[in-house]
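Structure assessment
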Amino acid sequence: MNIWHDLQPELMRREEYTIFTANSMGSTAVLSFDGAAGLLCLDHLSDSNIGAPHNTGFLPRTCTPEGMPMETVLLCSQPLPAMTLVRCRPVGLIVVHLDHGGERKLLLSAACADEFWSACLTVDEIPSANRKALVRYLRYDQQVMGLPASSVEFQGLEQAEQYFDRCQQDYLLRYCGVRPQTEIPMG
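Position numbers for residues start from 1 in each chain and track the written sequence from start to end. Restriction of local features to residues with pLDDT of at least 70 applies here, the model being predicted, together with a cutoff of 80 or more for giving and counting side-chain atom pairs; totals for whole chains, interfaces and linings are based on all residues. Values shown for side chains rest on all heavy atoms present in the structure; no hydrogens or waters enter the calculation.

Describing the overall build of the chain
Per the secondary structure count, the chain includes 2 helices and 9 strands. In this text, helices come from DSSP runs of H or I with a minimum length of four residues, and strands from runs of E with a minimum of two, each type numbered from the N-terminal end. When the helices and strands of the chain are placed in sequence order, the string is β-β-β-β-β-β-β-β-α-β-α. With the principal axes as the frame, the chain shows a C-alpha extent of 45 × 35 × 35 Å. Between buried and exposed lies partly exposed: a residue is buried under 20% and exposed over 50% of the maximum accessible area for its type, with that area taken using a 1.4 Å probe on protein chains only. Taking all 187 residues of the chain together, the buried fraction comes to 44%. By definition in these notes, contact holds between two residues if any of their heavy atoms fall within 4.5 Å. Excluding contacts between residues fewer than 6 apart, the proportion of contacts in the chain whose partners are at least 24 apart in sequence is 65%. Areas reported here follow the Shrake-Rupley algorithm with a probe of radius 1.4 Å; residue values treat only the protein chains shown as occluding. For the chain, the computed accessible surface area is about 9,000 Å², with 53% contributed by carbon and sulfur atoms.

Listed below in structure tokens is the structure:
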């Protein structure tokens, strides 16, 4: 089974979707996704004092402009092991602006089964300490990868849904041969 391609399509709606986790909250091991194998692989190790402030993961049946599944930061109260399937809903979008002019986008997702985070409906409801920890971690992670970030921006639910729709349509076109019915702005 390739987790990127073999998840049932009906589990991937913009209002509620299933992700698979990659990096556990607090972990210093950074895992990336190998699309061909459908597995996670060790990308790099962070400094022992810099652990991920939240779980991270990927969205099956989506395709970014870089040809990979969408990345997500999972708002959840507990660390989850890699390759755990989690029902989520979108909260917002993180855009990491890179020094060389590119960008990295990560969907902000709230775990539906988590009583605290499932009540978070917008980016503005995320405590500022959590946002600051995410910014520090993402800047550090980008530095380790050799692609320093010039800034990190939090965008709202509308931008998150537009990005989800675009990446889902790109997946359908690339892997299923389905053309989009309407053009979705990349925004």
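With respect to the packing of aromatic side chains
Given two aromatic rings, one states the distance between the centres and the angle between the planes to describe the pair. Under the pairing criterion, centres of Phe, Tyr and Trp rings, with the six-membered ring standing for Trp, must be within 6.5 Å; the plane angle then separates stacked pairs below 30 degrees from edge-to-face pairs above 60, leaving the rest tilted. For the coordinates displayed, the defined rule picks out 9 aromatic pairs. Ring centres 5.9 Å apart and planes at 90° place the aromatic pair Trp4 and Phe33 in the edge-to-face group. With a gap of 29 residues between them, Trp4 in the segment before strand E1 (12–13) and Phe33 in strand E3 (residues 29–34) connect regions that are remote in the sequence. On the basis of relative accessibility, which here comes to 6%, the residue Phe33 falls in the buried class. Between Trp4 and Tyr171 the ring centres are 6.4 Å apart and the planes differ by 50°, which places this aromatic pair in the tilted class. A residue pair is termed long-range when its members are at least 10 positions apart, and Trp4 in the segment before E1 and Tyr171 in helix H2 (residues 157–176) qualify at 167 residues. An aromatic cluster is present here, built from Trp4, Phe20, Phe33, Phe58, Tyr171 and Tyr175 joined pairwise through their rings.

Things to note about the state of the cysteines
Any cysteine sulfur atom paired with another within 2.5 Å is treated as part of a disulfide. One pass over the structure, following the stated rule, counts 0 disulfides. You can see Cys76 has no disulfide; the closest cysteine sulfur is in Cys88, sitting 8.2 Å from it.

Here we look at the nonpolar core
Membership of the largest hydrophobic core comes to 19 residues, with the highest contact counts inside it found for Tyr17, Ile19, Leu59, Met70, Leu74, Val86 and Leu107. Elements with a minimum of two residues in this core: strand E2 (16–21), strand E6 (70–75), strand E7 (85–98), strand E8 (103–111) and H2. Those residues in contact with Met70, other than ones at most four positions away along the chain, are Gly57, Phe58, Leu59, Thr62, Thr64, Leu107, Tyr163, Phe164 and Cys167. The term nonpolar core refers to a set of buried residues drawn from Ala, Val, Leu, Ile, Met, Phe, Trp, Tyr and Cys, joined through side-chain atoms within 4.5 Å.

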